[in-house]
Amino acid sequence: MELTFESFQMNLEEVISEINSACCACNRRPDDVTLMAVTKTHLVQAVDFAERAGLTCVGENRVQEAAAKKSECSVSIRWELIGHLQGNKARQAVQTFDRIQSVDSLKLIQQLDRLCHELSRPTLPILLQVNAGNDPAKFGMDMDDVPPLLAEALKSKYLQVDGFMTIAPLSDDPKVAEFTFENLSNLRDVMEQRFDHKFPELSMGMSGDLNLAIRHGATMVRVGTALFGHRDKI
Ligand SMILES: *Cc1c(COP(=O)(O)O)cnc(C)c1O
């Protein structure tokens, strides 16, 4: 990574001011929105930068990459998985991450719960990833599958459902992202009523659409490019 800490700090200031003005526009407190630094594909230095600048969590989309970086650095920061999780990586994911945002199937819910038992992990915070924009190219459970999967997750012994995560479909039309974020936020409200349970976390919004996400209630935005520059790899 060629980025210096100084230019990272300048990028960070811009992202923070975008978060602040989005909050201001909808009368929300900037403190209610957590900025996650998405460090995937970047060197471990990106994690150090995030920690030095006072950020509290990083997002990675591959289990092995995150585990390797985590063993290379001693910073105390929360590690969260934001990429699709395959069954054969689930054990390492439970050992590596503070929270898994990409829980999207019944099988994975059952497997993670079992692994917590095996690994003596008392609780595993999770988010359910929902395909709230009906994007055929995206992972995440369908909206209709949320109630039964949520019921299963709430019944589990070790999983703690903090809320929901979504990725808006790629589109030039901001209405598409807006529709996606609104859908997730409404879904959360309906699920809170239905299960009589709070699901405070709404993880939505990335470099290009964090503004809209905040206006629709995002409590966490996941930002990579705007902080660290473009990625060579996907
Ligand atoms: C890569 C990624 C991000 C960050 O995207 P940017 O556009 O680089 O900010 C956010 N969320 C998920 C799930 C990602 O995979």
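Residue numbers restart at each chain and count upward from 1, following the sequence in its written direction. This being a predicted model, a pLDDT of at least 70 is required before a residue's local features are given, and a value of 80 or more before pairs of side-chain atoms are given or counted; all residues contribute to the totals for chains, interfaces and linings. As a rule here, side-chain values cover all heavy atoms of the structure and leave hydrogens and water aside.

Undergrad: Go over the site of the ligand, please, and point to the residues and values.
TA: Here a residue is near a molecule or strand as soon as one of its heavy atoms is found within 4 Å of it. Looking at the ligand, the residues that line it are Val38, Lys40, Ile82, Ile167, Met206, Ser207, Arg222, Val223, Gly224, Thr225 and Arg231. As used in this structure description, the phrase polar contact means that two N or O atoms lie within 3.5 Å; if the pair is within protein, one of them must be able to donate a hydrogen and the other to accept it, and residues adjacent in sequence are counted only when both atoms belong to side chains. Here a nitrogen atom of the ligand and a side-chain polar atom of Arg222 are 2.9 Å apart. Thr225 places a polar side-chain atom, nitrogen or oxygen, 2.5 Å from an oxygen atom of the ligand. Accessible surface is estimated by sampling points in the Shrake-Rupley manner with a 1.4 Å probe; for residues, cover comes only from the protein chains shown. In the complex, the protein chains occlude 89% of the 380 Å² of accessible area that the ligand would expose alone.

Undergrad: Just give me the short version of the pairing of strand 2 (residues 57-60), but keep the residues and values in it.
TA: Here the term buried applies to any residue with accessible area under 20% of the maximum for its type, exposed to any over 50%, and partly exposed to those in between, with areas from a 1.4 Å probe on protein chains only. Strands here mean DSSP runs of E at least two residues long; helices mean DSSP runs of H or I at least four residues long; both are numbered from the N terminus. Side chains Cys57 and Gly59 project from strand 2 onto one buried face, and the interleaved Val58 and Glu60 project onto a second face that is buried too. Criterion used throughout: strands pair if DSSP finds at least two bridges between them. Pairing of strand 1 (residues 34-38) with strand 2 involves three bridges; the strand directions are parallel. Residue pairing for strand 2: Ala37 is matched across the bridge by Val58. We call a crossover right-handed when, viewed with the strands running away from us, the connection from the first strand over the helix to the second turns clockwise. Assessed by its sense of winding, the connection that carries the chain from strand 1 through helix 2 (residues 44-52) to strand 2 is right-handed. Pairing geometry for strand 2 and strand 3 (residues 78-81), over four bridges, is parallel. What sits directly across from Val58, in strand 3, is Trp79.

Undergrad: Outline the nonpolar core, supporting the account with residue identities and numerical values.
TA: Generally speaking, nonpolar side chains in soluble globular proteins are found buried as a group. Counting 69 residues, the largest nonpolar core has Leu112 and Phe164 as its most contacted members. The biggest single contributor to this core is helix 1 (residues 5-25), with seven residues. Non-local contacts of Leu112, meaning those with residues more than four positions away in its chain, are made with Leu85, Ala90, Val94, Ile100, Val103, Leu124 and Leu159. By size, the runner-up hydrophobic cluster in this structure holds eight residues, among which are Cys57, Ile82, Met165 and Ile167. For the purposes of this section, nonpolar cores are sets of buried Ala, Val, Leu, Ile, Met, Phe, Trp, Tyr and Cys residues that join through side-chain atoms within 4.5 Å. For this analysis, residues touch if any pair of their heavy atoms sits within 4.5 Å.

Undergrad: Please give an account of the packing of aromatic side chains that cites residues and values.
TA: The description of an aromatic ring pair rests on the distance of the ring centres and on the angle between the ring planes. Geometry of aromatic contacts follows a simple scheme: Phe, Tyr and Trp rings, the Trp one being its six-membered ring, pair when their centres are within 6.5 Å, and the pair is stacked under 30 degrees between planes, edge-to-face over 60, tilted otherwise. The full count for this structure, using the stated rule, is five aromatic pairs. For the ring pair Phe5 and Phe49, a centre distance of 5.3 Å and an interplane angle of 65 degrees mean the geometry is edge-to-face. Of this pair, Phe5 sits in helix 1 while Phe49 sits in helix 2, and the two are 44 residues apart along the sequence. Comparing Phe5 with Phe49 shows no difference in burial state: the two are buried. Following the ring pairs from residue to residue traces out a cluster consisting of Phe5, Phe8, Phe49 and Phe228. Against the face of Phe5 rests Arg52, its NZ or CZ located 3.8 Å from the ring centre. Only when the NZ of Lys or the CZ of Arg is both within 6 Å of the ring centre and within 35 degrees of the ring normal is a charge said to sit over the ring.

Undergrad: Tell me about helix 5 (residues 106-118), and please be specific about residues and values.
TA: For helix 5, with 13 residues, the first-to-last C-alpha span of 19 Å sits near the 18 Å given by 1.5 Å per residue. Looking at helix 5, one finds that the buried residues are Leu108, Ile109, Gln111, Leu112, Asp113, Leu115 and Cys116. In a helix, the anticipated span is given by 1.5 Å times the number of residues less one.

Undergrad: Describe the pattern of salt bridges, naming the residues involved and giving the relevant values.
TA: The term salt bridge refers to a pairing of a side-chain nitrogen on Lys or Arg with a carboxyl oxygen on Asp or Glu at a separation within 4 Å. Summed over the entire model, instances satisfying the criterion amount to twelve salt bridges. In this structure, Arg29 and Asp32 form a salt bridge, with 3.9 Å as the shortest nitrogen-oxygen distance. We classify Arg29 as exposed; its relative accessible area is 51%. Of the charged contacts in the structure, one is a salt bridge between Arg188 and Asp189, with a shortest N-O distance of 3.1 Å. Among the residues examined, Arg188 registers a relative accessible area of 14% and is labelled buried. What emerges from the salt-bridge pattern is a single network uniting Arg78, Glu80, Arg99, Asp162 and Glu201.

Undergrad: Tell me about unusual backbone geometry, residues and numbers included.
TA: Although it is not a glycine, Ser120 sits at a positive phi angle of roughly 55 degrees. Position of Ser120 relative to the elements: it lies in the loop between helix 5 and strand 5 (124-129). A relative accessible area of 63% places Ser120 in the exposed class. Within the chain, Asn134 stands out as a residue other than glycine whose phi angle is a positive 50 degrees. One can find Asn134 in the loop between strand 5 and helix 6 (146-155). Residue classification places Asn134 among the exposed positions, given a relative accessible area of 55%.

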